[in-house]
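Coordinate inspection notes
One-letter residues, chain by chain:
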Amino acid sequence: MPNSNRTIKEFIRTAIEHHVCDVEHSDYKKLLSLMDRELLLELSAYLENYQEKKFYESMKELLEDNELRSKILLIIESKKEPQLVTKGISLNDDTKLCTVFYGTNREMNDKENLSLGYGDKRADKIYLGTCEVRVPESRKKGETKGSWWDKIITFDSSHGDLEIKTISLYDEEDFWSTISDLYTPLEEEERQAMVFIHGYNTSFNDAAIRAAQLSTDLEHSGLTAFFSWPSKGTLLGYVADEASIQYSEKYITEFLTNFVQKSGAKWVHIIAHSMGNRGLLEAIHRINKNTPEIQFGQIILAAPDIDADVFEELADAYTKQSEQTTLYVSPADKAVGASKWIHSHARAGFTPPVSIVPAIDTIEVETEVDLLQLGHGYFAEHASLLGDIDKLIAFNLHACDRDELSEGRTDCEQTYYKLKG
């Protein structure tokens, strides 16, 4: 009884918050069909005015109605049926499966054996498919690897790691129809997708695992996909990766364009990391020029390895093609800091200086440096930042409306925001 009451309270609270913030309205409408309208408006007013105590006192009285409780629980259970991704499928070894869709212009390692995945050679086409990723239930948010201690005591070198279980290949028609069919039973506001574009020093498998981690940790209710360009996947492959991301610009453009036009999703959110932002910037410019009617939801630029001046000159294209764009930067990002040294000029993802452009929120993440990761994975590994991205996608709140952020000022009195890592 206590657990079900807690579930009902959270369901009602989320339904009201989503309705008030104009995220989606289907659950709120279902509650309206079951509850007195005045009571629902009263609960909404308590939440909007931060009167938590009164909200939960009213909820306590509400839950004394066993018939209403049962009906709400039925709604909650029904929502578990048509999952877009198999995040809820438990296996027998304390793990769950997360399905992520992919597009890649990498060549297969062996065309006769897809289980060997994709390598670092360039393809002249986009391969489409899905990856099933094992996600340990006991891991901490942000982790993709289990602890060395757990590996030692279990005598299992992969214990606690996210791992790819299967890789599947689709032809283009089947790929888009499969995604479209998943969205068909959903209401318009529920048709959301998140596309991840990885950065430098990332293999195909790394990209799939990171996409699954983001999907799980952000508790993304919609479909998750990633685009993997042919990075060498090594620290010494920086120069080769610069050439490969430039080669991949047209393929990233094609994948994103098709996702909006063919998937059936109403909102397509994008998270681009590191050097992947170079491909995204060019893709958004091509879309703005050739198909300006295409609109994305949230565009999140994480640690972009882009020349700061070029970014400031061209970034207005993001605002034209998205509902909102957010730039995350850090003074602790050693990889982008090294890029600043290599190119002898400031990078958009590294501070100081802080890159600020009109209509884009800049968030500086103050975080501890993990030397093994060169501080470069902070965007996906810190709970506070994951929470901020989650709130951004779920509620479309600008930085000035997110309580966890504090305001900062540049020497030129330009406003940006700070988040403790």
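Note that residues are indexed from 1 along each chain, following the sequence as it is written. Reporting of local features is limited, given that this is a predicted model, to residues whose pLDDT is at least 70; pairs of side-chain atoms are given and counted only at 80 or more, and all residues count toward the totals for whole chains, interfaces and linings. Hydrogens and waters are ignored; side-chain quantities use all the structure's heavy atoms.

Note on conventions: DSSP H or I runs of at least 4 residues are helices, E runs of at least 2 residues are strands, and numbering of each starts at the N terminus. For the protein chain, the count of helices and strands is 16 helices and twelve strands. In the protein chain, which comprises 421 residues, the proportion classed as buried is 51%. Expressed as a percentage of contacts within the protein chain between residues at least 6 apart in sequence, the contacts between residues at least 24 apart total 75%. Counting every atom, the protein chain has about 19800 Å² of accessible surface; 49% of that belongs to carbon and sulfur. Any residue under 20% of the maximum accessible area for its type is buried, any over 50% is exposed, and the rest in between are partly exposed; the area is computed with a 1.4 Å probe on protein chains only. When checking whether two residues touch, look at their non-hydrogen atoms; a contact exists if any pair is within 4.5 Å. Note that accessible areas follow from Shrake-Rupley with a 1.4 Å probe, and for residues the cover is restricted to the protein chains shown.

This brings us to the pattern of salt bridges. Here a salt bridge means any side-chain nitrogen of Lys or Arg lying within 4 Å of a carboxyl oxygen belonging to Asp or Glu. Inspection of every chain in the model, using the stated rule, returns 13 salt bridges. With a closest N to O distance of 3.3 Å, Arg278 and Asp305 form a salt bridge. Of this pair, Arg278 sits in helix H11 (residues 276–290) while Asp305 sits in the loop between strand E8 (296–302) and helix H12 (308–314); the two residues are 27 residues apart in sequence, bridging distant segments of the chain. This pair shows no difference in class: Arg278 is buried, exactly as Asp305 is. If you follow the salt bridges from partner to partner, you end up with Glu242, Arg278, Asp305 and Arg347 in one network.

Turning our attention to the packing of aromatic side chains. By convention, a stacked pair of Phe, Tyr or Trp rings (six-membered ring in the case of Trp) has centres within 6.5 Å and planes under 30 degrees apart, an edge-to-face pair has planes over 60 apart, and any other such pair is tilted. For the structure shown, the criterion picks out 17 aromatic pairs. Note on Tyr118 and Phe204: the rings are 4.8 Å apart at their centroids and 50° apart in plane angle, and the pair reads as tilted. Taken together, the positions of Tyr118 in strand E3 (residues 118–136) and Phe204 in helix H8 (residues 204–217) put the pair 86 residues apart, joining distant regions of the chain. Here a set of aromatic residues connected by ring pairs shows up, and it is made of Phe101, Tyr170, Phe175, Trp176, Phe227, Phe255 and Phe259.

Within a regular strand, side chains alternate between the sheet's two faces. Any two strands with at least two DSSP-identified bridges between them are counted as paired. The pairing of strand E11 (residues 406–409) with strand E12 (residues 415–420) spans four bridges and is classified as antiparallel. Bridge pairing in E12 links Arg409 to Thr415. Here E11 folds back onto E12, and the loop between the two strands holds five residues, one of which, Glu413, carries a positive phi near 65°.

A few words on the side chain of Gln324. Inspection of the secondary structure assignment puts Gln324 in strand E9 (residues 322–329). For Gln324, a relative accessible area of 3% translates into the label buried. Among the polar contacts made by the side chain of Gln324, one reaches the side chain of Asn396 at a distance of 2.8 Å. Discounting residues that sit within four places of it in the chain, Gln324 has contacts with Gly297, Gln298, Ile299, Asp361, Leu392, Asn396, Leu397 and His398. Any pair of N or O atoms that falls within 3.5 Å is considered a polar contact. Within protein, one atom must be able to donate a hydrogen and the other to accept it, and sequence-neighbouring residues count only if both atoms are side-chain atoms.

Further remarks concern the side chain of Ser231. Tracing the backbone shows Ser231 in the loop between strand E6 (223–228) and helix H9 (238–247). A polar side-chain atom of Ser231 sits 3.2 Å from the main-chain amide nitrogen of Asn201. Of the polar contacts made by the side chain of Ser231, one reaches the backbone nitrogen of Gly233; its length is 3.1 Å. Once you skip the residues sitting within four places of it in the chain, Ser231 turns out to touch Arg106, Asp120, His198, Gly199, Tyr200, Asn201, Thr202 and Asp241.

Take the nonpolar core next. To define a nonpolar core, start from buried Ala, Val, Leu, Ile, Met, Phe, Trp, Tyr and Cys residues and group those joined through side-chain atoms within 4.5 Å. Ranked by size, the top nonpolar core spans 47 residues in total, and within it Phe255, Leu256, Phe259, Leu280 and Tyr318 carry the most contacts. Residues Leu114, Tyr118, Met194 and Leu405 belong to the second largest nonpolar core, which totals 38 residues.

With respect to the element layout, Gln295 can be found in the loop between H11 and E8. Residues Gln295 and Gln321, spaced 26 residues apart in sequence, show a C-alpha to C-alpha distance of 4.9 Å. Setting aside residues up to four positions removed in sequence, Gln295 forms contacts with Val260, Lys320, Gln321 and Ser322. A polar contact of 2.9 Å, which involves the side chain of Gln295, links it to the backbone oxygen of Lys320.

A few words on a negative patch on the surface. Taken together, the side chains of Asp36, Glu38, Glu42, Glu57, Glu61 and Glu64 define an acidic patch exposed on the protein surface. Among the elements of the structure, helix H3 (37–48) and helix H4 (52–62) are those that each provide at least two residues to the negative patch. Residues enter patches when their relative accessible area tops 30% and they take part in no salt bridge; the joining distance is 9 Å for like charges and 5 Å for the nonpolar side chains Val, Leu, Ile, Met, Phe, Trp and Tyr. In summary, the charge assignment counts Lys and Arg as positive and Asp and Glu as negative, without counting His or the chain termini. Charge coordinates come from a single atom per side chain, which is NZ of Lys, CZ of Arg, CG of Asp or CD of Glu.

A separate point is the confidence of the model for the protein chain. With 83% of its residues at a pLDDT of at least 70, the protein chain reaches an overall mean of 82. Per-residue confidence from the predictor is reported as pLDDT, a score between 0 and 100. In the predicted structure, residues 88–92 sits below a pLDDT of 50 and forms eleven contacts with residues beyond four places in sequence or in another chain.

This brings us to the environment of Thr202. Within the fold, Thr202 resides in the loop between strand E5 (192–197) and H8. Distance in space between the C-alpha atoms of Thr202 and Gly237 is 9.9 Å, their sequence separation being 35 residues. Looking at Thr202, its side chain comes within polar contact range of the main-chain oxygen of Gly199, at 3.2 Å.

A word on H8. Given 3.6 residues per turn, any residue in an α-helix points the same way as the ones three and four places further on. Residue count minus one, scaled by 1.5 Å, sets the expected span of a helix. For H8, with 14 residues, the first-to-last C-alpha span of 20 Å sits near the 20 Å given by 1.5 Å per residue. With eleven of its 14 residues buried, H8 lies for the most part within the structure. Turning to H8, its buried residues number three or more, namely Phe204, Ala207, Ala208, Ile209, Arg210, Ala211, Ala212, Gln213, Leu214, Ser215 and Asp217.

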